[in-house]
Amino acid sequence: MAASSSSVAAVRSWRTAFLTLRDETLTNPLSIPQLVQSLIFSNSHSSFISAVANLPAREVTSDVLFLIKLVVNASQFEEDLIPTFSNTCHLIHDVGRRVSLDLNSSSWALILDSFTKMTDFFLAKATSNAALYKSVWECLETLRYLVSENQRKCSVSDDIQLVNFLTRFIARSHVDLISLYRPSSNQKSTIAMGKKFPRYGSLWEVQTAAFTMLGEVYSKTGSSFTVDVWQSTIQVLRKMMDLLASKNLVVEDIVLSGFYESVLHCLHLVLIDPKGSISEHVSGFVASLKMFFVYGLTGGPELMSAAVGFKEKQPGSLSLKSTSEEAKRTKNTPYRPPHLRKKDSLNTRAQDPQSSSDHDSSMVDVTSSDSDYSDNDGLLKDINSSRCSKVRVSAIVCVQDLCQADPKSFTTQWTTLLPTNDVLKPRKFEGNLMATLLFDPYLKARMASASALAVMMDGPATVFLQVAEYKESTKCGSFVALSSSLGQILMQLHTGILYLIQHETNSRLLVLVFKVFMLLISGTPYSRMPGDLLLKVILSLQARIEAGFPFKSDQTGLQVAAISCLTAALSVSPSIQVKEMILEEELTDFVEDDKKSGVLLTLVKYSERLSNPKICFEALQALRAVSHNYPELMLVSWGQISAIVHKFLREAGTGVPTKTWKEQAENIVLFAGEKMVTAAIKVLDECLRAISGFRGTEDFSDEKFLDAPFTSDCLRTKKVSSAPSYGPQSLEDTKEERNSCSSGIEQWVETIEKHMPVILWDTSAMVRTASVTCFAGITSSVFFSLTKEKQDFVVSSLISAAVHDKVPSVRSAACRAIGVVSCFLKTSESAEILGKFIHAVEINTRDPVVSVRIPASWALANICDSFRHFVDDFPLKHSTDSDTNSQLVELLTECALRVTKDGDKIKSNAVRALGNLARFVRYKSSSCAHDKPEGNTRFSSTCNNTTMLPVRGNLKAFNGGAINSSCSASLKDLDSLERMVQAFISCVTTGNVKVQWNVCHALSNLFLNKTIQLQDMDWAPSVFGILLLLLRDSPNFKIRIQAAAALSVPASALDYGKSFSDVVHGLEHVVENLGSDQISIPSSFKYRIALEKQVIFCMSFEMI
């Protein structure tokens, strides 16, 4: 009853006070501060506040808003408002903790505007009255309560208003920080000043609360903020970080550590979702963040809290209790999980609300979680050390965020964040990421450093690091070029990480170290580093793999990571030292019964561990890298590779099929490791290519640049990614290649007899794709050294896979292999093989899957080139049926014309195919030049006969006019020629750069056909006009060179017809304006020189 009567009395007191206040403000001329003091603040605070629990939330909200508005509006007429503002903030703070106020957007704006005025007032007066910081803190804490209670109701605009309030408040506090820490001859530490002037501790706590709130808002709705809001926040954070750096305010102190952590965590939350460019802030942030890398590591154990000793002097101070008290309490009480600690805290607040109000106004907890205090990796002795560690972690995380936000600008910070010498020597007062990774006592700081290093080495850094060049360090203080600095950094990174790989005992950190090392290996230009560096990396990794890892829980993961790093090291540009090392191992290990353990033996051993698929797969990847980068060494290893593949197939339970793969599938137990079988086949494929001397597609290159004589001066050798990495070819290499070809025959025969009958009919599409891809690596010397039976096996397997397999990836691989085999010079001798290939490719150019149509169109272009040699270079041994030849040409032409309407990647191949066809088809038109009707845009009806170009032995007969329509090799409607030209014109206007280049090349082939009377063709002016347009306006120099080459193909001025003058004037215009071409890429200079030579040659040729 007593409690009920007291609550009724409290409610009555509350309502009476606010009703009277409303009436008095309208009638009583007394000042507002006196009126509020007499009616509201004269009541007992605890009993007065207790009424809100029994009042409607809407009524309490109305009363509070009325009070705030009344007090703030009176500030423009009153001077001494400190008691009124302080009491108002305290009242609203306690009300907000007990009642969920019913706020809308307008009331929220009113509260923010009022708090802005009050906090400005408090900060202006706080220099002479430190107790006012408590009122400022209560304002911020009230806003925090309101946000948490009204989180579902708050809109993005409300949060933006809160961000604007907080950024303005933080910016306003900068003035106080600068005034408190003006530079002087005797600069005192923050700890000393904190003991002498206790009010400073409260300023840090207020700032901590503001940054904590700002971070919370960004974590909740930061993704919805505008660019302006984000940039204003970045500006405020940048000014604060610059202030800390310039005023030397990075001090080891329990209060300041909480402040630093709140600032850095806020910066992290703002940076993880960048809304604009931060390039102008990167260097400033990095310079400030670097100061925190050694935070808490440079001081001795005598460091004490800045709050110790002055809480007794200043009861209103908001400092934390001493570290010793907290440590004592932590040691003397039994351990309780974080969720139970929070529950106990809530129960304590519920039992003693007054105590909660008075004493909970200490600094807000900005640590990541209570469980961090029990982290067993550091065995930290007290909370201060733990907070210092978290500050270091937060700073490193912010560095990582900066790198992710603007990786290109961040590359300039490598010399700031990474060491250039003595990486294994700890530096107490000089922090960098490698020092943290190696020596920090806190595991999370070391892991954060490893993560930051991984982010730094990914992305643009892989290109940026290619300029690195290691040189021995010069005298101290001398200028060091960026390339030399990067070279020294890379050396120190290798030294430090290799040390960690051999000595680190924490499995989680070691996984991250391997990740960093893999990126480091991939980005390091070892050809510009010390010659033995790559060898040292490979041997160190191999030794660690052999030694194993003692961590039972993650032993497999670490072995996989180590082998992955070894794969990366074996995949970089080949090293002579590594090649000699592996060769020496092969000559000793494989011969002397494995008395020694080399790199290849280690990989072979782990690749046979079928019980551990992850390790097995990574070892196979490493073997594939060795085969690709060091192909000269694979002949000795062939027996091991073949045995591994056979072992996989045997374990998979497959057998040699007797009928079809469907019937075979009924008796096969599917092998769960089809991924491993595929990886083993890819190793077999790479090894076969290495032994066979595969260097890529064998083009008909003898006349490749005859139509563009100046192009070869500036073209670099194109590296075929699917070909092993052979060095520059010499006479000795050619002799070795001949010897390797004979060895390659043996390996291919073994593969065809032992492995292919199994894997070609495997139920797994991945396995079938990998097996068909092997045929794309066969060389012509090997293929035509095989028996007729085995050649037929290869061809029939490709045709079957291309036509009958239902999986697109298999058909795509088959088309690729057909394109390779069709380029063999002797393939053009066989009309039978070409006919089968044409049929299979034509079907796949209609495939609905674009990944099939692309290699099919590529094979189509190669077949057309091969067919030209079939007609022109060799006797028709296998088929003398001219009608059959004509039908094949017609089929190829129609297929290529249809494919020109596909996408650009396919269209470029189609244009190349048409160009090859246009070069060798003879168009017999004896009366075209004289009987063509005037004004007719189509070809004359008298021009309807075509003949195939004869073999070289019969060229004289044709040139002498002995061949006529009755004995022509094949007949074809001349309409197809016009359709070709129309396709060229369409492609050059709609295609990309590659398509346009191929059109120019195709027109060169068309002009080389001497049976076409260019001067009599209606389409000739259009074609010449397009070539002139490309020569004049194309931004690509290669296209312009090829266009000029095409214009120089016609044999005489008569061939240009009425377009001759236009061509000459166009060439003159190009020559006059060559000097005005804008060159944005330095490599384009050589192409401009080639273009100038080609154009001058073209003009001089036409003038003859």
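These numbers come from a predicted model, not from an experiment.

1. With respect to the overall build of the protein
Counting secondary structure elements, the protein contains 49 helices and two strands. Looking at the protein as a whole, 53% of its 1104 residues are labelled buried. By sequence separation, contacts in the protein at least 24 residues apart represent 77% of the contacts at least 6 residues apart. Carbon and sulfur atoms make up 53% of the accessible area of the protein, which totals about 49300 Å².

2. Considering helix α45 (residues 993-1008)
For α45, which comprises 16 residues, the first-to-last C-alpha distance of 23 Å matches the rise-based estimate of 22 Å (1.5 Å per residue) to within 8%. For α45, the set of buried residues is Val-995, Gln-996, Asn-998, Val-999, Cys-1000, Ala-1002, Leu-1003, Ser-1004, Asn-1005, Leu-1006 and Phe-1007. Where α45 is buried, its residues meet α41 (904-920), α44 (975-990), α46 (1020-1033) and α47 (1037-1047). The N-cap of α45, judged by a side-chain oxygen 3.3 Å from the amide nitrogen of Lys-994 a few residues on, is Asn-992.

3. Section: unusual backbone geometry
Residues other than glycine predominantly adopt negative phi, and peptide bonds predominantly adopt the trans conformation. Its identity as a non-glycine residue notwithstanding, Asp-422 has a phi of 50°, on the positive side. Inspection of the secondary structure assignment puts Asp-422 in the loop between α19 (414-417) and α20 (433-439).

4. As for the packing of aromatic side chains
For the coordinates displayed, the defined rule picks out 22 aromatic pairs. For the ring pair Phe-85 and Phe-122, a centre distance of 6.2 Å and an interplane angle of 80° mean the geometry is edge-to-face. Note that Phe-85 is positioned in helix α5 (residues 82-98) and Phe-122 in helix α6 (residues 105-125), a separation of 37 residues in sequence. When its relative accessible area of 2% is taken as the criterion, Phe-85 is described as buried.

5. What to know about the packing of α44 against α45
Two elements in contact, α44 and α45, have axes whose closest approach is 9 Å; the angle formed by their N-to-C orientations is 150°. Here α45 runs roughly antiparallel to α44, going by the angle between their axes. Of the two elements, α44 crosses α45, and the hand of that crossing is left-handed. Counting all contacts with α44, which are made through Leu-977, Val-981, Phe-984, Cys-987 and Val-988, the residues of α45 involved are Val-995, Gln-996, Val-999, Ala-1002, Leu-1003 and Leu-1006. For the contact of α44 with α45, the per-class residue count stands at 10 nonpolar, one polar and no charged.

6. A word on the environment of Ala-547
When you line up the elements, Ala-547 lands in helix α25 (residues 533-547). Its relative accessible area of 62% is what places Ala-547 among the exposed residues.

7. Section: the environment of Leu-1014
Take Leu-1014: it is sitting in the loop between α45 and α46. The buried category is assigned to Leu-1014, whose relative accessible area is 4%. Placed 42 residues apart in sequence, Leu-1014 and Tyr-1056 show a C-alpha to C-alpha distance of 6.6 Å. Apart from the residues lying within four places of it in its own chain, the contact partners of Leu-1014 are Phe-1007, Trp-1019, Ala-1020, Phe-1024, Pro-1050 and Asp-1055.

8. What to know about the packing of α46 against α47
Viewed as axis vectors pointing N to C, α46 and α47 meet at an angle of 145°, and their least axial separation amounts to 8 Å. α46 and α47 meet at a crossing whose hand is left-handed. When α46 is examined against α47, the residues Phe-1024, Leu-1027, Leu-1028, Leu-1030, Leu-1031 and Arg-1032 are found in contact with a partner set consisting of Ile-1039, Arg-1040, Ala-1043, Ala-1044, Ala-1046 and Leu-1047. Class assignment for the residues of the contact of α46 with α47 results in 10 nonpolar, no polar and two charged.

9. Notes on the confidence of the model for the protein
Taken as a whole, the protein shows an average pLDDT of 77; of its residues, 73% reach a score of 70 or greater. Ignoring residues within four places in sequence, the model shows residues 183-201, a span with pLDDT below 50, making 29 contacts including any to other chains. Across residues 874-880 the pLDDT falls below 50, and counting only partners more than four positions away or on other chains, this stretch makes 14 contacts in the model.

10. Some words on the pattern of salt bridges
By the definition in use, this model includes 26 salt bridges. Measuring nitrogen to oxygen at the nearest pair gives 3.8 Å for the salt bridge that ties Arg-624 to Glu-686. One end of the pair, Arg-624, is in helix α29 (residues 613-629); the other, Glu-686, is in helix α32 (residues 674-692), and 62 residues separate them in sequence. Given the relative accessible area of 7%, Glu-686 is considered buried. Its salt-bridge partner being Asp-847, residue Arg-811 comes within 2.8 Å of it at the nearest N-O pair. With a gap of 36 residues between them, Arg-811 in helix α37 (residues 808-821) and Asp-847 in the loop between α38 (831-844) and α39 (850-872) connect regions that are remote in the sequence. Asp-847 matches Arg-811 in its accessibility class, with the two residues each being buried. A network of salt bridges, in which partner residues are shared, links Glu-842, Arg-846 and Arg-898.

11. As for the environment of Thr-142
Tracing the chain through its elements places Thr-142 in helix α7 (residues 132-149). Sequence separation between Thr-142 and His-93 is 49 residues, and the spatial gap between their C-alpha atoms is 5.0 Å. With residues near it in sequence (within four places) discarded, Thr-142 still touches Ile-92, His-93 and Phe-115.

What counts, and where the lines are drawn
- Residues numbered from 1 in each chain as written.
- Predicted model: local features only at pLDDT ≥ 70, side-chain atom pairs only at ≥ 80, totals over all residues.
- Heavy atoms only, no water.
- Helix = DSSP H or I, 4+ residues; strand = E, 2+ residues; numbered from the N terminus.
- Buried < 20%, exposed > 50% of the residue type's maximum accessible area, 1.4 Å probe, protein only.
- Contact = heavy atoms within 4.5 Å.
- Areas by Shrake-Rupley, 256 points an atom, 1.4 Å probe, with all protein chains shown as cover.
- Expected span 1.5 Å × (residues − 1).
- Polar contact = N/O pair within 3.5 Å; in protein donor to acceptor, adjacent residues only side chain to side chain.
- Phe/Tyr/Trp six-rings, centres within 6.5 Å; stacked < 30°, edge-to-face > 60°.
- Axes fitted to C-alpha atoms, helices over the stretch in contact; angles between N-to-C directions.
- Parallel < 35°, antiparallel > 145°, perpendicular 65-115°, else oblique.
- Left-handed = near helix turned anticlockwise from the far one by under 90°.
- Nonpolar A, V, L, I, M, F, W, Y, C, P; charged D, E, K, R; others polar.
- pLDDT = per-residue confidence, 0-100.
- Salt bridge = Lys/Arg side-chain N within 4 Å of Asp/Glu carboxyl O.

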